[in-house]
Amino acid sequence: MDATKIGKRIQDTRKARGLTQSDLAAKVDITPKYLSNIECGDGIPILIVRPKAMLTKNYVNVPPEIEQEFLAAFGNYATPLGFVSDRVEASRNPSRGSDIRIRNHGKIYSVQMGELWENHFANYYFWNEPRHAYYFP
């Protein structure tokens, strides 16, 4: 990873959006000095352009009360899988003393997260700073 190139890209994007270092630093809750170091290629955080979880399918249980809202927002990326009956999972907590009954209320959908990401969040960049995770569009 070339920290100088990444820092320059952050700087160019910031300037293209008409933000000062202080503006951007405030948006992502870091100091302007730390942002300056990042833009110069010093102390560069780990950049994640696309979180790994966004490259997969996610399965969601959608209750009937919000199904129409869910479909309006994510219908192009969701495939109904039908209903899944209740199930019992073994407890991983020995002090619990009993298994866990999981009740599904609604339909199960498979959501294509990669397509959703590309169409709605492709211009978002993520970075990690110790104890924090930030994103800026």
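Residues numbered from 1 in each chain as written. Predicted model: local features only at pLDDT ≥ 70, side-chain atom pairs only at ≥ 80, totals over all residues. Heavy atoms only, no water.

1. Let's talk about the overall build of the protein chain
No. 1: The helix and strand tally for the protein chain stands at five helices and eight strands.
No. 2: Listing every helix and strand of the protein chain by position from the N terminus yields α-α-α-β-β-α-β-β-β-β-α-β-β.
No. 3: By element, 53% of the accessible surface of the protein chain is carried by carbon and sulfur atoms, the whole surface being about 9400 Å². (Helix = DSSP H or I, 4+ residues; strand = E, 2+ residues; numbered from the N terminus. Areas by Shrake-Rupley, 256 points an atom, 1.4 Å probe, with all protein chains shown as cover.)

2. Structural notes on the nonpolar core
No. 1: Listed in full, the nine residues of the largest apolar core are I6, I10, L24, A25, V28, I30, Y34, L35 and I38.
No. 2: Going through the elements one at a time, α1 (3-16), α2 (21-27) and α3 (32-39) are the ones with two or more residues in this core.
No. 3: Membership of the second largest hydrophobic core comes to eight residues, among which are A78, V111, M113 and L116. (Core = buried A, V, L, I, M, F, W, Y, C linked by side-chain atoms within 4.5 Å. Buried < 20%, exposed > 50% of the residue type's maximum accessible area, 1.4 Å probe, protein only.)

3. Some details on the packing of aromatic side chains
The description of an aromatic ring pair rests on the distance of the ring centres and on the angle between the ring planes.
No. 1: This structure, assessed with the given rule, holds two aromatic pairs.
No. 2: Aromatic pair F70 and F74: ring centres 5.6 Å apart, planes at 50 degrees, arrangement tilted. Of this pair, F70 and F74 both sit in helix α4 (residues 67-74), four residues apart, which is roughly one turn of the helix.
No. 3: When the ring of F70 is compared with that of Y109, the centres are 5.2 Å apart and the planes differ by 50 degrees; the resulting orientation is tilted. Here F70 is found in helix α4, whereas its partner Y109 is found in strand β6 (residues 107-112), with 39 residues between them in sequence.
No. 4: Under the relative-accessibility criterion, F70 is labelled buried at 13%.
No. 5: In this structure an aromatic cluster arises from ring pairing among F70, F74 and Y109. (Phe/Tyr/Trp six-rings, centres within 6.5 Å; stacked < 30°, edge-to-face > 60°.)

4. Examining the side chain of R14
No. 1: Positionally, R14 belongs in helix α1.
No. 2: For R14, a relative accessible area of 7% puts it in the buried group.

5. A word on helix α5 (residues 113-120)
No. 1: For α5, the full list of buried residues reads M113, L116 and W117. Down the axis of α5, the smallest arc covering the buried residues is 100 degrees, so these residues share one side. (Arc of directions from axis to C-beta.)

6. Considerations on the sheet that holds strand β3 (residues 78-82)
No. 1: Pairing is antiparallel in the open sheet, where three strands are placed in the order β2-β6-β3. Each end of this open sheet is capped by a strand with a single partner; those strands are β2 (57-62) and β3. Pairwise comparison of adjacent strand axes, ignoring direction, gives a mean angle of 30 degrees for this sheet.
No. 2: Relative to β6, β2 runs antiparallel, the two sharing six bridges. If you follow V60 over to β6, its bridge partner there is Y109.
No. 3: Running at roughly 15 degrees to β6, α4 makes contact with β2, β3 and β6 of the sheet.
No. 4: Where α5 meets the sheet, it contacts β2 and β6, and its direction lies at approximately 55 degrees from that of β6. (Pairing = 2+ DSSP bridges. Axes fitted to C-alpha atoms, helices over the stretch in contact; angles between N-to-C directions. Contact = heavy atoms within 4.5 Å.)

7. Structural notes on the confidence of the model for the protein chain
No. 1: Chain-level pLDDT for the protein chain is 76 on average; 74% of the residues reach the 70-or-more range.
No. 2: Confidence, expressed as mean pLDDT per element, reaches its minimum in the protein chain at strand β8 (residues 132-136) with 48 and its maximum at α4 with 90.
No. 3: Low pLDDT, under 50, characterises residues 128-137; the stretch is placed with 30 contacts to residues that sit more than four places away or in other chains. (pLDDT = per-residue confidence, 0-100.)

8. Thoughts on the packing of α1 against α3
Geometry of a packed helix pair, given as the angle between the helix axes and the separation of the axes.
No. 1: Put simply, α1 and α3 touch, their axes get as near as 7 Å, and they point 120 degrees apart. As the angle between them shows, α1 and α3 are arranged oblique. Contacts between α1 and α3 pair A3, G7, K8, I10, Q11 and R14 from the former with L35, I38 and E39 from the latter. (Parallel < 35°, antiparallel > 145°, perpendicular 65-115°, else oblique.)

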